Amino acid sequence: MRKLTDFLKVPNDNPALTLAQFEAFSKQVPLLYFILLTNMMALAWTHRAVAPFWLVGFIPGLLGVVFIVRAFGWIRNRDVKLSPEQAYAKLRSTNRLAAPIAFGCTAWSMALMPYGDAYQQAHVAFFMAITVIGVIFCLMHLRSAALMVTVLVNVPFIFMMLANGQPTFVATGVNVVLVTMAMIAVLLTHYRDFRRMVLASQALEAQQAALTAQNREMQRLSDENLRLANMDSLTLLPNRRSFFDVLHRAFDRATDTGSRLSVGVLDLDGFKPVNDLYGHAAGDRVLVEIGRRLMELTEPDFSIYRLGGDEFAVIHQGPHDEDDLRRLGEGICQAIAVGIDVGTAMVNVTASVGFAVHPEIGTSAQDLYERADYALYNAKRNNRGGIVMFNTAQALSLTRYRQVEEALLAADLERELSLVFQPIFDVSDDSLVGFEALARWTSPVLGRVSPAEFIPIAEHNGRISLITRHLLKTALSEAATWPGDCFLSFNLSPHDLATPESVLRIIAVVEASGFDPKRINFEITETAVTRDCAQATKSIDLLRLMGSGISLDDFGTGYSSLNHVHKLPLSKIKIDGSFVSQIDSRPASYKIVKSVLALCEDMGLEAIVEGVETEAELQVLKDMGVEVVQGFHFSKPVDVDEARKLLQDRLDALAESRKVKISGSGVA
Ligand code: C2E
Ligand code: MG
Ligand code: MG
């Protein structure tokens, strides 16, 4: 029962279905009124002479006006977009109107039946049949109205036909009822399919909407991933990956358009001590603050990146010259140099910058970067805290640098590295007191390479620790054959003192050798100290604790020598050969050496003068009170056998002098 009433109602369980139903239906309504109007006019016209005016004139006229007004109403509003509720309301009002219109038309046509002859009566039957079929068709999308019209027209129609009794009318009545029933079946099937189709397309739309939302979310996630992959999470600056991406694209563009492109690589000086002294959290604060300051300097054609650790990079696109770059570099250095509050202290770090400019330099993006990095390497060595532009002189040295680096990385250290020993003399009694071990490298590719060249490169690429340990082992095993009063002077690189681990490895080598640490004198340079004074002091303390001596090598060539002499637990100072050369004829050198000697005296440090080449220099030094010297005047660095021979000669000379003394006393 409930089902039957449902058939007569406009369904309202699915807004999308209601809208689809309304849309399809509204296209058909004007045609429905057209069918009603034309059929009614035709019937009224055939009965005009036989039926009274109110039946063939007044009623059709009135209904006709209603039909025309409603048809135009639907046509006028066909483009108006309705909400599901509005559409439902319109369908319901049409549904309600269907019954009175069906009833009115049926009653009107039946009222005409008694007036006409057989033809005219047949026209009434035709009117009812054709109208009901047309109307059912038009109401296809408003199932309830179609069913109501069918019942309201067909029931009186069949009764009227049966009551007439005329076999043709009876057959027509039965025929029309059967046809309309078949049509109702078609309508129900159509409505069911229509409903399914709407629901399916609704599901498809929902699926598509879900997919779109999913795609949008995926896109958002992938954008976010890309952003994170290109950003340094600590400083929020673009990272190394982003730097190379941008650089490659900028390089291609600069090559295509012939425009300038500069790359700068910068490295912080004094950052490591912050980490060591105040902890990693403080180090992070420094990096974050520097990142913030650098970000403020960023402009559309100038971007800054964090490459990792305390290394940053800049890319400058668009028109600019060397002066602009220098100004930019200075701006960066100044921004970094301002003190940073890490909570427990104010810390100061500085930066060195190396620049390379395309098209003058660089055949590829990578090449441009490497040249800027090489300029930075030079800034770190020769112009710490400053700006260095890659130039043609550097281009030549870079080629050589790369050759040496490549050969060094491929080198069989045990086979290719060796040591020579330069004797150190005490001129007060002309005795040989020790040797300085100096590295020698004979590369199968490059031949002999000076330590002054390959040691800094090994320091830069990190191979130095391995080299130091290997050389120290060799030096100690050789020194073990020397007499017990002969000391070994051994050069350490700044890297060897840079971390507790590296200095402990050196101590381990000494302990494993069994050599008396008191007979070792480690030579360190000022660079080790300037880079990280706190750590260098700790490392030196450890070496001194073992009993070894520490000499500050090349004294006077650095820029803050006196500062370090005061702070460090040193035992000796080696006055650099550059102050000794022609000391006999250069008053300035004389004064410097004299004041350094006074300083050593004051601080209780032993002074060694290196690079003594002539007898004249030696005489001056002797007159100044210098006792321990080293230089070509006495001996060039010699190989193992020669060193042993020198020691043997010393022993022989000692034995000879004893003999002379003994025989002298015998004579007496
Ligand atoms: P250094 O430690 O100051 O060594 C002294 C350098 O001066 C040596 O050069 C030596 O041959 C040279 N020399 C000695 N007497 C004279 C002289 O009278 N006149 C002149 N003009 N030169 C003299 P070398 O062997 O070429 O070493 C250069 C530098 O390489 C060393 O300077 C040292 O800094 C470094 N080096 C050498 N061997 C090692 C090593 O095993 N480890 C480390 N880390 N550095 C080393
Ligand atoms: Mg030395
Ligand atoms: Mg030296």
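Everything discussed here concerns the structure shown above.
On a predicted model such as this, the values are computed, not experimentally measured, just so you know.

(A) Local environment of the environment of leucine 398. Locating leucine 398 in the fold gives a position in helix H13 (residues 392–410). A sequence separation of 28 residues divides leucine 398 from glutamate 370, and the C-alpha atoms of the two residues are 9.5 Å apart. Those residues in contact with leucine 398 that lie beyond four places of it in its chain are Arg371, Tyr374 and Phe390.

(B) Just the site of ligand 1, in detail. Around ligand 1 lies a shell of 22 residues, among which Arg440, Asn491, Asp553, Glu613 and Phe632 are the nearest. Glutamate 436 has a polar side-chain atom sitting 3.0 Å from an oxygen atom of ligand 1. Within the complex, the protein chains bury 78% of what would otherwise be the 790 Å² of accessible surface of ligand 1. Those elements that provide at least two residues to the shell around ligand 1 are strand S9 (431–443), helix H15 (451–461) and strand S13 (549–555).

(C) Layout of the coordination of the magnesium ion (ligand 3). Within the first shell, the magnesium ion (ligand 3) binds the protein through Asp553 (OD), Asp554 (OD), Glu610 (OE) and Glu610 (OE), at distances of 2.1 to 2.7 Å. As a motif over one chain, the donors of the magnesium ion (ligand 3) read D-D-x55-E. A gap of 3.9 Å separates the magnesium ion (ligand 3) and the magnesium ion (ligand 2), which aspartate 553 links by coordinating each metal. The exposure class of aspartate 553 is buried, given its relative accessible area of 6%. Assessed through its relative accessible area of 27%, aspartate 554 is described here as partly exposed.

(D) Representation of the packing of helix H2 (residues 15–46) against helix H3 (residues 53–76) within the structure. At a minimum axis separation of 9 Å, H2 and H3 run at an interaxial angle of 160°. Judged by the inter-axis angle, H2 sits roughly antiparallel to H3. Here H2 and H3 pass one another in a crossing that is left-handed. Residue-level inspection shows Phe22, Phe25, Ser26, Val29, Pro30, Tyr33, Leu36, Leu37, Met40, Met41 and Ala44 of H2 in contact with H3, the latter providing Val56, Pro60, Leu63, Gly64, Phe67, Ile68, Arg70, Ala71, Trp74 and Ile75. A breakdown of the residues in the contact of H2 with H3 according to their chemical character gives 18 nonpolar, two polar and one charged.

(E) Molecular detail of unusual backbone geometry. Backbone torsion omega between histidine 358 and proline 359 reads 15°, so that peptide bond is classified as cis. The residue proline 359 is located in the loop between strand S6 (350–358) and helix H12 (365–382) in this model. The phi angle at leucine 236 is positive, at roughly 65°, despite the residue not being glycine. Along the chain, leucine 236 turns up in the loop between helix H7 (167–229) and helix H8 (240–257). With a phi close to 55°, aspartate 554 is a non-glycine residue in the positive phi region.

(F) Spatial organisation of the coordination of the magnesium ion (ligand 2). Taken together, Glu436 (OE), Asn491 (OD1), Glu523 (OE) and Asp553 (OD) make up the full set of protein donors to the magnesium ion (ligand 2), lying 1.9 to 2.3 Å away. Going along the chain, you hit the donors of the magnesium ion (ligand 2) in the pattern E-x54-N-x31-E-x29-D.

(G) Representation of the sheet that holds strand S3 (residues 311–317) within the structure. With mixed pairing, five strands are arranged side by side in an open sheet as S2-S3-S1-S6-S7. The sheet terminates laterally at strand S2 (302–308) and strand S7 (387–389), the two strands that pair on one side only. Strand after strand, the sheet turns through a mean of 20° between neighbouring axes, direction not considered. Taken together, the nine bridges between strand S1 (residues 261–269) and S6 define a ladder with antiparallel strand orientation. Of the residues in S6, the one forming a bridge with leucine 266 is valine 353.

(H) Region of interest: a negative patch on the surface. A cluster of acidic residues, Asp429, Asp430, Glu606 and Glu627, forms a negative patch on the protein surface. You can see aspartate 430 is positioned in the loop between strand S8 (417–426) and S9. On the basis of relative accessibility, which here comes to 57%, the residue aspartate 430 falls in the exposed class.

(I) Highlighting the pattern of salt bridges. Using the criterion set out here, one finds 23 salt bridges in the structure. For the salt bridge of arginine 220 with glutamate 217, the shortest nitrogen-to-oxygen distance reads 3.0 Å. Here arginine 220 pairs with glutamate 217, and both are found in helix H7, just three residues apart, close to one helical turn. For glutamate 296, the salt bridge is made with arginine 292, and the minimal N-O distance between the two is 2.8 Å. Of this pair, glutamate 296 and arginine 292 both sit in helix H10 (residues 280–297), separated by four residues, roughly a single helical turn. Exposure remark for arginine 292: the relative accessible area of 39% places this residue in the partly exposed category. Connected via shared salt-bridge partners are Asp267, Asp269, Lys380 and Arg384.

Cut-offs applied
Residues numbered from 1 in each chain as written. Chains lettered and ligands numbered in written order. Predicted model: local features only at pLDDT ≥ 70, side-chain atom pairs only at ≥ 80, totals over all residues. Heavy atoms only, no water. Helix = DSSP H or I, 4+ residues; strand = E, 2+ residues; numbered from the N terminus. Contact = heavy atoms within 4.5 Å. Near = heavy atom within 4 Å. Polar contact = N/O pair within 3.5 Å; in protein donor to acceptor, adjacent residues only side chain to side chain. Areas by Shrake-Rupley, 256 points an atom, 1.4 Å probe, with all protein chains shown as cover. Donors = N, O, S within 2.8 Å, 3.2 Å for Na, K, Ca; no water. Buried < 20%, exposed > 50% of the residue type's maximum accessible area, 1.4 Å probe, protein only. Axes fitted to C-alpha atoms, helices over the stretch in contact; angles between N-to-C directions. Parallel < 35°, antiparallel > 145°, perpendicular 65-115°, else oblique. Left-handed = near helix turned anticlockwise from the far one by under 90°. Nonpolar A, V, L, I, M, F, W, Y, C, P; charged D, E, K, R; others polar. Pairing = 2+ DSSP bridges. Patch = residues over 30% accessible without salt bridge, like charges linked within 9 Å, V, L, I, M, F, W, Y side chains within 5 Å. Salt bridge = Lys/Arg side-chain N within 4 Å of Asp/Glu carboxyl O. Lys, Arg positive; Asp, Glu negative; His and termini not counted. Charge placed at Lys NZ, Arg CZ, Asp CG, Glu CD.

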